[in-house]
Amino acid sequence: MDIFSKIAAGEIPSYKCAENDEFYAFLDINPLVKGHTLVIPRREVDYIFDMEDDEIARFQQFAKKVAVAVKAACPCVKVAEVVLGLEVPHAHIHLIPMQSEADVDFRKEKLKLTEEEFKAIADKIYSEFKK
Ligand code: 5GP
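The following paragraphs examine the structure supplied in this document. Note that the structure is predicted; figures quoted are calculated from it, not measured. (Residues numbered from 1 in each chain as written. Predicted model: local features only at pLDDT ≥ 70, side-chain atom pairs only at ≥ 80, totals over all residues. Heavy atoms only, no water.)

Section: the packing of aromatic side chains
Here is step 1: In the structure shown here, the tally under the stated rule is 7 aromatic pairs.
Here is step 2: A connected cluster of aromatic rings, assembled from ring pairs, spans Phe 23, Phe 59, Phe 62 and Phe 129.
Here is step 3: Across from the ring centre of Phe 129, 4.4 Å away, lies the NZ or CZ of Lys 65, which sits over that ring. (Phe/Tyr/Trp six-rings, centres within 6.5 Å; stacked < 30°, edge-to-face > 60°. Lys NZ or Arg CZ within 6 Å of the ring centre and 35° of its normal.)

What about the site of the ligand?
Here is step 1: Leu 27, Asp 28, Asn 30, His 92 and His 94 are the nearest of the 16 residues found near the ligand.
Here is step 2: The contact in question runs from a nitrogen atom of the ligand to an N or O atom on the backbone of Leu 27, over 2.9 Å.
Here is step 3: In the model, an oxygen atom of the ligand is placed 3.4 Å from a nitrogen or oxygen of the Val 88 main chain.
Here is step 4: Out of a free accessible area of 510 Å², the ligand has 84% covered by protein chains.
Here is step 5: Of all the secondary structure elements, the ones that give two or more residues to the shell around the ligand are helix H1 (3-8) and strand S2 (23-27). (Near = heavy atom within 4 Å. Polar contact = N/O pair within 3.5 Å; in protein donor to acceptor, adjacent residues only side chain to side chain. Areas by Shrake-Rupley, 256 points an atom, 1.4 Å probe, with all protein chains shown as cover. Helix = DSSP H or I, 4+ residues; strand = E, 2+ residues; numbered from the N terminus.)

Some thoughts on the sheet that holds S2
Here is step 1: Read from one edge of the open sheet, 5 strands run S1-S2-S3-S5-S4, paired in antiparallel fashion. Across the chains shown, the open sheet's two edge strands, defined by having one partner strand only, are strand S1 (16-19) and strand S4 (78-82). Ignoring strand direction, the axes of neighbouring strands in this sheet form an average angle of 20°.
Here is step 2: Across the sheet, helix H3 (residues 115-130) touches S1, S2 and strand S3 (37-41), and the angle it forms with S1 is around 25°. (Pairing = 2+ DSSP bridges. Axes fitted to C-alpha atoms, helices over the stretch in contact; angles between N-to-C directions. Contact = heavy atoms within 4.5 Å.)

Examining the side chain of Asp 103
Here is step 1: Inspection of the secondary structure puts Asp 103 in the loop between strand S5 (93-98) and H3.
Here is step 2: What Asp 103 contacts, discounting residues up to four positions off in sequence, is Leu 32, Val 33, Ile 96, Pro 97, Met 98 and Lys 108.

Points about the environment of Asp 28
Here is step 1: Looking at the element boundaries, Asp 28 is found in the loop between S2 and S3.
Here is step 2: When its relative accessible area of 10% is taken as the criterion, Asp 28 is described as buried.
Here is step 3: The spatial distance from the C-alpha of Asp 28 to the C-alpha of His 94 is 8.3 Å, given a sequence separation of 66 residues.
Here is step 4: Residues contacting Asp 28, with those up to four places away along its chain left out, are His 36, Thr 37, Leu 38, His 94 and Phe 118.
Here is step 5: Looking at Asp 28, its side chain comes within polar contact range of the main-chain nitrogen of Asn 30, at 2.8 Å. (Buried < 20%, exposed > 50% of the residue type's maximum accessible area, 1.4 Å probe, protein only.)

A short note on the pattern of salt bridges
Here is step 1: Evaluated as defined, the whole model comprises 10 salt bridges.
Here is step 2: Across the pair Arg 42 and Glu 19 runs a salt bridge, and its minimum N-O distance is 2.8 Å. Of the two residues, Arg 42 is situated in the loop between S3 and helix H2 (53-73) and Glu 19 in strand S1; the sequence distance between them amounts to 23 residues.
Here is step 3: Residue Glu 19 is classed as partly exposed on the basis of its relative accessible area, which comes to 30%.
Here is step 4: By sharing partners, the salt bridges in this structure join Lys 16, Glu 19 and Arg 42 into a single network. (Salt bridge = Lys/Arg side-chain N within 4 Å of Asp/Glu carboxyl O.)

Description of H2
Here is step 1: For H2, which comprises 21 residues, the first-to-last C-alpha distance of 30 Å matches the rise-based estimate of 30 Å (1.5 Å per residue) to within 8%.
Here is step 2: Among all positions in H2, only Glu 55, Phe 59, Phe 62, Ala 63, Val 66, Ala 67, Ala 69, Val 70 and Ala 73 are buried. Projected down its long axis, H2 shows its buried positions confined to an angular sector of 165°, all on one face. Facing away from the buried side of H2 by over 90 degrees, the exposed positions are Asp 53, Gln 61, Lys 64 and Val 68.
Here is step 3: Where the residues of H2 are buried, they touch S1, S2, S3, S4, S5 and H3. (Expected span 1.5 Å × (residues − 1). Arc of directions from axis to C-beta.)

What follows is the structure, encoded as structure tokens:
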């Protein structure tokens, strides 16, 4: 199992933001900004564009619902949706609450948050998602 599958299965701890039977969302451990969230399919698939049309449609619908929760929990101008990176071989969407486009610069230094800060943000997003 890859690391994100283990996270979705609860074998590796994460700050859960949202879930359903098919998809899981959790805070990125190296966030660009507070509320930087990763959305993944539970199914092991590396490349997002290898997903079938109906699966990718459900993935987007789930990500949209998570983005609405992220925006409510972390007020921002817009939530950016970004798919990039080669680090983890498991499809993932980055949702990044942004005040300006500079917030979505992956080369900038990542935030260091405490466990309490991570937990508070994730709980807020989760409660918005459950509304
Ligand atoms: P990418 O493949 O998009 O370049 O990088 C994967 C993203 O997942 C990075 O933003 C990284 O911080 C995040 N990430 C990698 N390993 C973990 C992990 O074990 N837990 C969490 N919460 N995020 C991770």
